[in-house]
Amino acid sequence: MTRQEIIDAMFRVLSEKIKPSGLERFQSDARLLEDLGLDSSQVLQMLMFLELDNGLDMPEDALMNKDFETVRSVAQIMYEAQDLPKVEKGLEVYEDLKIHCVASCLSEIVKRNPALDHRILYFAVWDAQVCVNDRYVLSYHDDNIKHDFFFDWYEKLYGMRVMSWYDRGASKDENIAKLCSLVSQRRPGQHIMVMLDMHHLPERVNEFNKDPFPHYVMLGPTHDSDLWFMYDPDYRWEGVLRRERILEAVRQPSVAGGYFFSDRDAQPSRPEQVSAYFDVSVKLDHNPVTDAIRSVVQAHVEGLDKTGQPLPLDNLMKAVEEVPVMSPRKYAYEHGFAFFWRELGLDEAEFDQWCDVIDELAKTYKLIQYQAMKLSATRDLRLADKIFTLLDQQDQREFTLKKRLCEVKQHWYTAAQSASTREAPIGVE
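Reading guide: rules and limits
- Residues numbered from 1 in each chain as written.
- Predicted model: local features only at pLDDT ≥ 70, side-chain atom pairs only at ≥ 80, totals over all residues.
- Heavy atoms only, no water.
- Salt bridge = Lys/Arg side-chain N within 4 Å of Asp/Glu carboxyl O.
- Buried < 20%, exposed > 50% of the residue type's maximum accessible area, 1.4 Å probe, protein only.
- Helix = DSSP H or I, 4+ residues; strand = E, 2+ residues; numbered from the N terminus.
- Patch = residues over 30% accessible without salt bridge, like charges linked within 9 Å, V, L, I, M, F, W, Y side chains within 5 Å.
- Areas by Shrake-Rupley, 256 points an atom, 1.4 Å probe, with all protein chains shown as cover.
- Lys, Arg positive; Asp, Glu negative; His and termini not counted.
- Pairing = 2+ DSSP bridges.
- Contact = heavy atoms within 4.5 Å.
- Axes fitted to C-alpha atoms, helices over the stretch in contact; angles between N-to-C directions.
- Core = buried A, V, L, I, M, F, W, Y, C linked by side-chain atoms within 4.5 Å.
- Arc of directions from axis to C-beta.
- Phe/Tyr/Trp six-rings, centres within 6.5 Å; stacked < 30°, edge-to-face > 60°.
- Lys NZ or Arg CZ within 6 Å of the ring centre and 35° of its normal.
- Disulfide = S-S within 2.5 Å.

(A) Up close: the pattern of salt bridges. Going through the model one piece at a time under the given rule, you end up with 24 salt bridges. The partner of Arg243 in a salt bridge is Glu244, with the nearest N and O atoms 3.4 Å apart. Residue Glu244 is classed as partly exposed on the basis of its relative accessible area of 45%. Note that Lys330 is salt-bridged to Glu398, the shortest N-O span being 2.8 Å. In this pair, Lys330 sits in the loop between helix H12 (323-326) and helix H13 (332-344) while Glu398 sits in helix H15 (residues 382-423), placing the two residues 68 residues apart along the sequence. Accessibility expressed as a relative area gives 0% for Glu398, which makes it buried. Salt bridges sharing common partners tie together Asp291, Arg294, Asp392 and Asp395.

Shown next as structure tokens:
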């Protein structure tokens with residue numbers, strides 16, 4: 001089970017068998033005693049039912065020596081106690097990264113099936129679409145952004161078809177009624193995604209303090225129709241919230257979108273599909289985030305927007321304020337390197353070196369944003385030269401990453417084809 005599935009199981013045990021007074025406050029960081037109202041015996045009951053009803057193992061050593069303080073700590077202990085395949089630590093990608101909410105929702109379901117590999121899905125994240133409007137404001141979200149590329153390939157790679165339930169031609173109330181119906185009647189294996197505005201959900205931490213903050217999460221029912229279970233894989237957060245509070249965040253004009261899919265037809269990816277997905281995802285001749293920032297800075301230096309209207313340098317500070325939301329996408333490269341490295345059994349030391357390059361790539365965007373803000377505040381055009389130099393270095397860094405990644409991908413695909421040929425029955429081409 002994934003950590004999210006264990007937390008889901010914890011909520012079922014608590015809501016169906018123990019019924020603590022603070023069940024409405026159930027979420028990843030809730031304290032078992034202070035927030036949920038469990039006593040020490042009830043904590044043991046919960047652990048026992050998790051073991052008996054869900055096949056989880058509670059090691060005696062952990063039972064005696066570990067602190068079961070929060071929902072998250074219990075999930076972590078029980079997750080580590082599972083007899084899962086062990087991998088080299090260096091090939092594990094830091095799990096708390098917030099890279100892409102759509103990709104995170106889709107990959108969470110892939111993770112639950114040990115026959116599938118979620119890292120493949122991230123091939124399209126490091127070069128994912130960014131938006132620059134007519135006033136040269138950079139943004140991670142736009143009403144015109146489509147996720148069809150992800151969804152089409154999700155079906156090709158994993159056999160799970162993602163369908164939209166949200167009707168842009170219908171009213172908000174009609175779409176919310178559809179969402180309520182889907183959640184209340186959710187079938188086993190079905191997953192419901194919705195876009196909501198995190199700024200209007202103060203119960204959740206809005207890490208980037210954005211207003212609005214469009215974000216995809218997944219929803220499910222609980223024993224109480226007034227409470228919904230929210231799954232937010234991008235933020236590693238799970239818990240119950242009042243249905244009306246969630247719907248208020250969905251109702252905002254800043255957001256519109258929702259999808260559902262089932263994991264019943266999930267299937268492993270074939271090498272030729274993985275290779276084709278990689279080839280159409282990687283932009284070998286440009287780097288979208290760096291290109292977008294360069295165009296934003298250049299336009300502000302020249303003082304004209306896309307329609308020929310004056311563009312004051314003062315605007316640059318706000319124009320680049322969403323860079324911190326997009327720069328973590330570069331950590332998706334780690335998923336790509338980890339996939340091929342593990343498949344080929346390559347040297348971990350080189351993997352670590354590439355992770356350092358990826359880390360520098362992601363973090364340098366913070367320096368670029370800072371210099372752009374200084375340029376906006378001081379109007380010292382000499383700073384523009386420094387920014388363009390940093391952007392050129394980013395290009396060089398990212399093209400180097402892509403070159404090595406393409407090399408190992410081709411190596412992997414050649415090996416996969418050879419293995420396939422050897423395994424084919426005699427007489428079969």
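There is more to say, and it comes next.
(B) How the structure looks around unusual backbone geometry. A positive phi angle is found at Lys19, which is not glycine, with a value near 55°. Secondary-structure assignment places Lys19 in the loop between helix H1 (3-18) and helix H2 (40-54). Overall, the relative accessible area of 56% leaves Lys19 in the exposed class. Located in the positive-phi region is Arg379, a residue other than glycine, with phi close to 60°. For Arg379, the position within the fold is in the loop between helix H14 (348-378) and H15. The class of Arg379 is exposed, set by a relative accessible area of 53%.

(C) Structural view of a nonpolar patch on the surface. Side chains of Leu44, Leu63 and Met64 sit close together on the surface and give an oily, nonpolar patch of about 330 Å² of accessible area. Inspection of the secondary structure assignment puts Leu63 in helix H3 (residues 60-65). A relative accessible area of 39% places Leu63 in the partly exposed class.

(D) Molecular detail of the side chain of Asp234. When you line up the elements, Asp234 lands in the loop between strand S6 (227-232) and strand S7 (237-242). Lacking a salt bridge, the buried Asp234 has Arg236 as its closest oppositely charged neighbour, with an N-O distance of 6.0 Å.

(E) Region of the structure containing the sheet that holds strand S5 (residues 214-221). Taken in spatial order, the 6 strands make up an open sheet running S3-S8-S4-S5-S6-S7, and their pairing is antiparallel. Looking at which strands have only one partner, the edges of the open sheet turn out to be strand S3 (163-164) and S7. Note that S3 and strand S8 (residues 258-262) share 2 bridges and pair antiparallel. Bridge pairing in S8 links Ser164 to Tyr259. Each of strand S4 (190-197), S5 and S8 touches helix H5 (residues 101-111); the most contacted strand, S5, lies at about 30° to it.

(F) Structural context of the nonpolar core. If you look at the biggest cluster of nonpolar residues, it comprises 137 residues, and the most contacted ones within it are Phe26, Met46, Leu106, Tyr154 and Leu179. Counting residues per element, this core draws most heavily on H15, at 12 residues. Look past the residues within four positions of Met46 in its chain and what remains in contact with it is Met10, Val13, Leu14, Ile18, Leu32 and Val74.

(G) Helix H8 (residues 243-250), seen in detail. For H8, every residue scored as buried is listed here: Ile246, Leu247, Ala249 and Val250. Across the axial projection of H8, the buried residues extend over an arc of 155°, all falling on one side. In this fold, the buried residues of H8 make contact with helix H7 (172-184), S4, S5, S6 and S7.

(H) Examining the packing of aromatic side chains more closely. All chains considered together, the criterion is met by 26 aromatic pairs. Here the aromatic residues Phe123, Trp126, Phe149, Trp153, Tyr277, Phe278, Tyr333, Phe339, Phe340, Trp412 and Tyr413 are joined through ring pairs into a cluster of three or more. Lying across the ring of Tyr79, Arg3 places its NZ or CZ 3.8 Å from the centre. Across from the ring centre of Tyr136, 5.4 Å away, lies the NZ or CZ of Lys306, which sits over that ring.

(I) Up close: the state of the cysteines. Scanning the model with the defined rule gives 0 disulfides in all. Here Cys355 stays unpaired: no disulfide links it, and the sulfur of Cys406, its closest cysteine neighbor, is 17 Å away.

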